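These are the residues of each chain, in order.
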Amino acid sequence: MPNHAIQLVPKASAIAQRLLAHARLCEQIALECCNEATAEKLKRMARECTRAAAQMAPGRGTPPTRH
């Protein structure tokens, strides 16, 4: 594996972790949101972040999400 590719792995992992944290926040806010349309947007953002995190760190699989 080239040196630059080795350096990208930790960065990708860190980005994936941040995306998962963002997804959890979106889900929590959606649960507390009184506006149904906004709650749905937040849930969609959480799914997109979870999907993007799985693509950043494919070896880890898709983490479970709370719904």
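Since the structure is predicted, the reported quantities are computational estimates derived from the model, not experimental observations. (Residues numbered from 1 in each chain as written. Predicted model: local features only at pLDDT ≥ 70, side-chain atom pairs only at ≥ 80, totals over all residues. Heavy atoms only, no water.)

K.L.:
Could you give an account of the overall build of the chain, naming the residues involved and the relevant values?
P.N.:
Along the backbone of the chain there are two helices and zero strands. Long-range contacts, defined here as pairs at least 24 residues apart, represent 56% of the contacts in the chain between residues at least 6 apart. Of the accessible surface of the chain, which amounts to about 5100 Å², a share of 59% is contributed by carbon and sulfur atoms. (Helix = DSSP H or I, 4+ residues; strand = E, 2+ residues; numbered from the N terminus. Contact = heavy atoms within 4.5 Å. Areas by Shrake-Rupley, 256 points an atom, 1.4 Å probe, with all protein chains shown as cover.)

K.L.:
Tell me about the nonpolar core, and name the residues and values.
P.N.:
Formed by Ala23, Cys26, Ala30, Ala39, Leu42, Ala46 and Cys49, the largest nonpolar core amounts to seven residues. Listing elements by their share of this core, those giving two or more residues are helix H1 (3–32) and helix H2 (36–56). Sort the elements by how many residues they give to this core and H2 lands first, with four residues. In this view, Cys26 contacts Leu42, Met45 and Ala46; residues no more than four positions away in its chain are not counted. (Core = buried A, V, L, I, M, F, W, Y, C linked by side-chain atoms within 4.5 Å. Buried < 20%, exposed > 50% of the residue type's maximum accessible area, 1.4 Å probe, protein only.)

K.L.:
Now, about a positive patch on the surface: what can you tell me, with residues and values included?
P.N.:
On the surface, a cluster of positive charge is made up of Lys41, Arg44, Arg47 and Arg51. A relative accessible area of 37% places Arg47 in the partly exposed class. (Patch = residues over 30% accessible without salt bridge, like charges linked within 9 Å, V, L, I, M, F, W, Y side chains within 5 Å. Salt bridge = Lys/Arg side-chain N within 4 Å of Asp/Glu carboxyl O. Lys, Arg positive; Asp, Glu negative; His and termini not counted. Charge placed at Lys NZ, Arg CZ, Asp CG, Glu CD.)

K.L.:
Which residues make up the pattern of salt bridges, and what values do they have?
P.N.:
Two side chains with opposite charge may pair up if their charged atoms get near one another. Applying the stated criterion across every chain, the model contains one salt bridge. The salt bridge partner of Glu40 is Lys43, with a shortest N-O separation of 3.5 Å. Separated by three residues within a single helix, Glu40 and Lys43 lie in helix H2, roughly one turn from each other. Residue class for Glu40 comes out partly exposed when judged on its relative accessible area of 38%.

Scope: geometric values only; no functional claims are made or implied.
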